[in-house]
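Residues per chain, in single letters:
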Amino acid sequence: MDHTWRHLPATARPVAAAVEAAVTAAGRHDDEALDRAVAGLATLEPVRVGLVMGTAVRLHLEDRHPDGLTADDLRAVLRATVAEHPGADPQVTLALLAGALGVLDGDVPLDPATSARHAAFLLAGAPPRPLIDRAMTEIEQTRLND
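Residues numbered from 1 in each chain as written. Predicted model: local features only at pLDDT ≥ 70, side-chain atom pairs only at ≥ 80, totals over all residues. Heavy atoms only, no water.

(A) Focus on the packing of helix H1 (residues 13-28) against helix H7 (residues 128-145). H7 packs onto H1 with a crossing angle of 145° between their chain directions and a minimal axis gap of 10 Å. As for the relative orientation of H1 and H7, their crossing is right-handed in sense. Between H1 and H7, the contacting residues are Val15, Ala16, Val19, Glu20, Val23 and Thr24 on the first element and Pro128, Arg129, Ile132 and Met136 on the second. By residue class, the composition of the contact of H1 with H7 is seven nonpolar, one polar and two charged. (Axes fitted to C-alpha atoms, helices over the stretch in contact; angles between N-to-C directions. Helix = DSSP H or I, 4+ residues; strand = E, 2+ residues; numbered from the N terminus. Left-handed = near helix turned anticlockwise from the far one by under 90°. Contact = heavy atoms within 4.5 Å. Nonpolar A, V, L, I, M, F, W, Y, C, P; charged D, E, K, R; others polar.)

Below is the structure:
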């Protein structure tokens, strides 16, 4: 397994590594590791981190709901995330879900650390490496096609 993310452009590697660390820590309910990972994410470009994490959240939701998301599905995701992670704020989690799904116009007005922590909560339990790889590939394809 490639733990260095060498297949990614040099500018994307720190984001991929930090997102992986945050999602892994959230999945393990390791608050100290999550705090370190979020602190690391906070040192990186917030727009890039948000784009990668938001894309990963959307892909994760699409994987879990291949026939589409209903309002009941979103409520279930929100409830499960908040129940599983006591530090999860329901309003922040809902804003991130809406942002990841493209429901909101513009950016979600949250500080980057809060966004990263809650995105990690939403991705907890998912295998982070394949999601991050797919998110990076999709972002690159979109960039090339625009």
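(B) Highlighting the nonpolar core. If you look at the biggest cluster of nonpolar residues, it comprises 41 residues, and the most contacted ones within it are Val19, Leu34, Leu41, Met53, Val57 and Met136. Ignoring anything within four residues of it in the chain, the contact list for Met53 reads Val19, Leu41, Ala116, Ala119, Ala120 and Leu123. (Core = buried A, V, L, I, M, F, W, Y, C linked by side-chain atoms within 4.5 Å. Buried < 20%, exposed > 50% of the residue type's maximum accessible area, 1.4 Å probe, protein only.)

(C) A look at the packing of H1 against helix H2 (residues 31-42). Where H1 meets H2, the axes come as close as 8 Å, and the angle between the chain directions of the two elements is 155°. Here H1 lies roughly antiparallel to H2, going by the angle between them. Our pair here, H1 against H2, has a crossing hand that is left-handed. Contacts between H1 and H2 involve Val15, Ala18, Val19, Ala21, Ala22, Ala25 and Ala26 from the first element and Ala33, Leu34, Ala37 and Leu41 from the second. Split by residue class, the contact of H1 with H2 holds eleven nonpolar, no polar and no charged. (Parallel < 35°, antiparallel > 145°, perpendicular 65-115°, else oblique.)

(D) Broad picture of the pattern of salt bridges. Counted under the stated rule, the structure contains seven salt bridges. Arg129 is the partner of Glu20 in a salt bridge, and the nearest nitrogen-oxygen pair spans 2.9 Å. Here Arg129 lies in helix H7 and Glu20 lies in helix H1, a separation of 109 residues in the sequence. Each of Arg58, Glu62 and Glu138 takes part in a single network of salt bridges with overlapping partners. (Salt bridge = Lys/Arg side-chain N within 4 Å of Asp/Glu carboxyl O.)

(E) Representation of the packing of aromatic side chains. Here the structure, examined in full by the defined rule, presents zero aromatic pairs. If you follow Arg129 out to its NZ or CZ, it ends over the ring of Trp5, 4.1 Å from the centre. (Phe/Tyr/Trp six-rings, centres within 6.5 Å; stacked < 30°, edge-to-face > 60°. Lys NZ or Arg CZ within 6 Å of the ring centre and 35° of its normal.)

(F) Geometry of the environment of Ala119. Tracing the backbone through its elements, the reader meets Ala119 in helix H6 (residues 112-123). Take Ala119: its relative accessible area is 5%, and that puts it in the buried class. Between the C-alpha atom of Ala119 and that of Pro86, which follows or precedes it by 33 residues, the distance is 14 Å. Those residues within four positions of Ala119 in sequence are excluded, and the remaining contacts are Met53, Val57 and Leu96.

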